[in-house]
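A look at the structure
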Amino acid sequence: MSVVIEGSIEGEQQLSRRLLVMADGLNDFSEPLQASATELMHSFDTNFASEGQLFGGWEARKQDYPWPILQRTGFMKGNFQSDVGRDEAVLSNPTDYFPYHQSNAPRTKLPRRVMMKIDQERKVFIQKAFQAYIIMISRK
């Protein structure tokens, strides 16, 4: 025994065209990815300016130096990069010593100082950027 379900939708061609436009738009997420990358890059800069307060604070130094924490040369602070494509955003800091500060590996001497993080505020921002983009695509 076979079951056949048939139906028709008034305005079927318009719906079909609209779904095709949405499908094309959903193949390129560069707009919400760029907005997200820009927000994250701004948060990394803000975090440096506040010596880590945005993401929980950085442990104080054992010795006093005349420059802000992690900013003796300014190289690491200025070396954050973002590369945004149609389906991904890669944020990085290629400075050789960056991983030693950012890592959550067990440590004995060098304290962890988080510079990159997607906290709850940034997570909500990213979700809203994607929601707004999908809504905009669906209304075309």
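Below, the structure is looked at part by part. (Residues numbered from 1 in each chain as written. Predicted model: local features only at pLDDT ≥ 70, side-chain atom pairs only at ≥ 80, totals over all residues. Heavy atoms only, no water.)

On to helix H4 (residues 120-138), then. The terminal C-alpha atoms of H4 lie 27 Å apart, and with 19 residues this matches the ideal 27 Å at 1.5 Å per residue to within 8%. Those residues of H4 not exposed but buried are Arg122, Ile126, Ala129, Tyr133 and Ile137. Each buried residue of H4 sits inside an arc of 60° when the element is viewed along its axis, so together they form one side. Of the exposed residues in H4, the ones pointing more than 90 degrees away from its buried face are Gln120, Glu121 and Lys128. (Helix = DSSP H or I, 4+ residues; strand = E, 2+ residues; numbered from the N terminus. Expected span 1.5 Å × (residues − 1). Buried < 20%, exposed > 50% of the residue type's maximum accessible area, 1.4 Å probe, protein only. Arc of directions from axis to C-beta.)

This paragraph deals with the environment of Tyr100. With respect to the helices, strands and loops of the structure, Tyr100 is situated in helix H3 (residues 98-102). Residue class for Tyr100 comes out exposed when judged on its relative accessible area of 57%. In this structure the C-alpha to C-alpha distance between Tyr100 and Arg112, which are twelve residues apart in sequence, comes to 7.7 Å. Ignoring sequence-local partners within four residues, the contact set of Tyr100 consists of Arg107 and Leu110. (Contact = heavy atoms within 4.5 Å.)

Counted by the stated rule, this structure contains seven aromatic pairs. Between Phe29 and Phe130, the ring centres sit 5.6 Å apart and the planes meet at 40°, which makes this aromatic pair tilted. One end of the pair, Phe29, is in the loop between helix H1 (12-25) and helix H2 (30-49); the other, Phe130, is in helix H4, with 101 residues separating them in the sequence. A relative accessible area of 21% means that Phe29 is categorised as partly exposed. The class of Phe130 is partly exposed, set by a relative accessible area of 24%. One aromatic cluster is present, built from ring pairs that chain together Phe44, Phe48, Trp58, Phe80 and Phe98. (Phe/Tyr/Trp six-rings, centres within 6.5 Å; stacked < 30°, edge-to-face > 60°.)

Another aspect to go through is the side chain of Thr95. You can see Thr95 is positioned in the loop between strand S2 (89-92) and H3. Among the polar contacts listed, one links the side chain of Thr95 to the side chain of Asn93, at a separation of 2.5 Å. When near neighbours in sequence (up to four residues on either side) are disregarded, Thr95 contacts Phe75, Met76 and Asn79. (Polar contact = N/O pair within 3.5 Å; in protein donor to acceptor, adjacent residues only side chain to side chain.)

Turning next to the nonpolar core. In this structure, Phe44, Leu70, Phe80 and Met115 are the most contacted members of the largest nonpolar core, which totals 16 residues. The greatest single-element share of this core, amounting to four residues, is contributed by H2. (Core = buried A, V, L, I, M, F, W, Y, C linked by side-chain atoms within 4.5 Å.)

An α-helical segment advances 3.6 residues per turn. Residues three or four places apart therefore align on the same side. With 20 residues, H2 extends 28 Å between its outermost C-alpha atoms, agreeing within 8% with the 28 Å of an ideal straight helix rising 1.5 Å per residue. Along H2, the residues that are buried comprise Pro32, Leu33, Ser36, Ala37, Glu39, Leu40, Ser43, Phe44, Asn47 and Phe48. Tucked into the core, H2 has its buried residues touching strand S1 (81-84), S2 and H4. Glu51 occupies a position one or two residues after H2 and carries a positive phi of about 50°.

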